[in-house]
Amino acid sequence: MKNKILVTGGTGFIGSHTVVELQNNGFEVVIVDNLSNSYEKVVDDIAKITNIKPVFKKVDLKNKCEVSEFFKDNHDFFGIIHFAASKAVGESVKKPLPYYENNINSTINILEMMIKYDINNVVFSSSCTVYGQPDVLPVSETAPLKKAMSPYGNTKHICEDIIDDTAAASNINAINLRYFNPIGAHESAFIGEYPQGTPNNLIPYLTQTAAGIRECLSVYGDDYNTPDGTGIRDYIHVVDLANAHVSAIKRMLDKKMKSKVEVFNIGTGIGYSVLDIIKTFEKVNGIKINYKIIERREGDIEKVWADPTLANTELGWHAKHNLDDMLRSSWQWECRRDKNEG
Ligand code: WQD
């Protein structure tokens, strides 16, 4: 069906926000997720926002039998947005094999079903980690890919290669979106980033520190070659990132692709340091953050921010939210999440 989209990992942070934007744009959405790092209640939370409850099926995409069982009765999709993956950079360094097994096998199983049922459009959740530490900033899609600093990043690089080769040998068209640092939450605060256990990423750890759940935020190093010595990243509002996926699907629907596989950087083009983030959070939310500087984190790159020109011109997509919006919405989500949990 022309407007039916399968979203793998659709109860996750980026997936759930993308389901909302797809529904807002008139698409019918089916979600598959194994709930290994999310909760089924997110399906109801999406419905609170859009008044449309997406179909949800619990499927472990690395399990070939479960995947073929699902597709036997569900395969009339225009396209698939493939988010489902393990994504904690630090954890992947400690436990690489589950990352390779999950992230690569899931992608292979999805591509096999696409060929079997003639589903010819896939948008793949890739990552700026495929660039490693770029030599030139801002980083564009033509920058050389480097050995990723983590098994997580390497799985994204390998999956892009698998998609390239499969597209060349089939009717599959693919758009790989290379995300920078997704943060923030939907303005309703019904959905947001919901990490299980101790957060690996900066923003959830920061908001949990602000909420008193964590004692103190550790800043990983202030001896980088940056203006204030702390690491620089291109933070992008998760709703802007979600809308980039809608733009990619529309590009496929409108048959505007210029090659069978296209790659786009999805970032704002603006880099902020860790201390910039802390100071802006304090300003926007009127809360003092307790933090300390400690040694660098293994595997971190120093600085990265996107050249988003290609996505701006070809996808007609632009990031609309600024850092204040991102950090205000992150805090609103944290406050609501804690209340719901309390
Ligand atoms: C950001 C900055 C840390 C935690 C993420 C995702 C990865 C990919 C890219 C999509 C760095 C510093 C962090 C903390 C800190 N996204 N930091 N104290 O490592 O850039 O990677 O974005 O694919 O999946 O993980 O994000 O939020 O961990 O770190 O000082 O407690 O904050 O050193 O400079 P990262 P992050």
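Bear in mind that the values here come from a model prediction, so they are computed numbers and not experimental data.

Criteria and thresholds
Residues numbered from 1 in each chain as written. Predicted model: local features only at pLDDT ≥ 70, side-chain atom pairs only at ≥ 80, totals over all residues. Heavy atoms only, no water. Near = heavy atom within 4 Å. Polar contact = N/O pair within 3.5 Å; in protein donor to acceptor, adjacent residues only side chain to side chain. Areas by Shrake-Rupley, 256 points an atom, 1.4 Å probe, with all protein chains shown as cover. Nonpolar A, V, L, I, M, F, W, Y, C, P; charged D, E, K, R; others polar. Buried < 20%, exposed > 50% of the residue type's maximum accessible area, 1.4 Å probe, protein only. Helix = DSSP H or I, 4+ residues; strand = E, 2+ residues; numbered from the N terminus. Domains from an automatic or database assignment. Contact = heavy atoms within 4.5 Å. Salt bridge = Lys/Arg side-chain N within 4 Å of Asp/Glu carboxyl O. Phe/Tyr/Trp six-rings, centres within 6.5 Å; stacked < 30°, edge-to-face > 60°.

Colleague: Looking at this structure, how should I read the site of the ligand?
Modeller: In the neighbourhood of the ligand, 19 residues make up the surrounding shell, with Tyr152, Ser218, Arg233, Arg297 and Asp300 lying closest. One of the side-chain nitrogen or oxygen atoms of Asn181 is found 3.0 Å away from an oxygen atom of the ligand. Between Tyr220 and the ligand, the recorded distance is 2.9 Å, taken from a backbone N or O atom to an oxygen atom. Relative to its unbound accessible surface of 680 Å², the ligand loses 93% to contact with the protein. Taken together, the residues that form the shell around the ligand break down as 9 nonpolar, 6 polar and 4 charged.

Colleague: Got a minute to help me understand helix α7 (residues 202-210) in this structure?
Modeller: Given 3.6 residues to a turn, an α-helix orients residues that are three or four positions apart in the same direction. Counting buried positions along α7 gives 8 out of 9 residues, so the element sits mostly inside the fold. All buried positions along α7 are accounted for by Leu202, Ile203, Pro204, Leu206, Thr207, Gln208, Thr209 and Ala210. Taken from the residues just after α7, Gly212 is the one with a positive phi, measuring 85°.

Colleague: Would you take a moment to explain the environment of Gly286 for this structure?
Modeller: In this fold, Gly286 is placed in the loop between α9 (274-285) and β13 (291-294). Sequence separation of Gly286 and Leu253 is 33 residues, and the distance between their C-alpha atoms is 45 Å.

Colleague: I'm lost on the domain arrangement of the protein chain in this one. Help?
Modeller: Bring the parts together and some accessible area is lost; that lost area is often taken as the interface size. Here the protein chain is described as being made up of domain 1 (4-185 + 236-267 + 309-316) and domain 2 (202-231 + 270-307 + 324-337). Taking the mean C-alpha position of each, domain 1 and domain 2 sit 26 Å from one another. Facing 18 residues of domain 1, the contacting portion of domain 2 comprises 16 residues. Linking domain 1 to domain 2 there are 0 salt bridges. Between the two partners, domain 1 and domain 2, sit 8 residue pairs in polar contact (both at pLDDT 80 or more). For the side of domain 1 that touches domain 2, the per-class residue count stands at 9 nonpolar, 8 polar and 1 charged.

Colleague: So what exactly am I meant to see when it comes to the packing of aromatic side chains here?
Modeller: Each aromatic ring pair is specified by the distance between its two centres and by the angle formed by the two planes. Applying the stated criterion across every chain, the model contains 5 aromatic pairs. Between the aromatic rings of Tyr39 and Tyr194, the centroid separation amounts to 4.7 Å while the plane-to-plane angle is 45°, which identifies the pairing as tilted. Here Tyr194 lies in the loop between β7 (181-183) and α7 and Tyr39 lies in the loop between β2 (28-33) and α2 (41-50), a separation of 155 residues in the sequence. Given a relative accessible area of 31%, Tyr39 falls into the partly exposed group. With 6.4 Å between their ring centres and 15° between their planes, Phe71 and Tyr117 make a pair best called stacked. Placement of the pair is Phe71 in helix α3 (residues 64-73) and Tyr117 in the loop between α5 (96-116) and β5 (121-127), with a sequence separation of 46 residues. Since its relative accessible area comes to 18%, Tyr117 is described here as buried. One aromatic cluster is present, built from ring pairs that chain together Tyr39, Tyr194 and Trp333.

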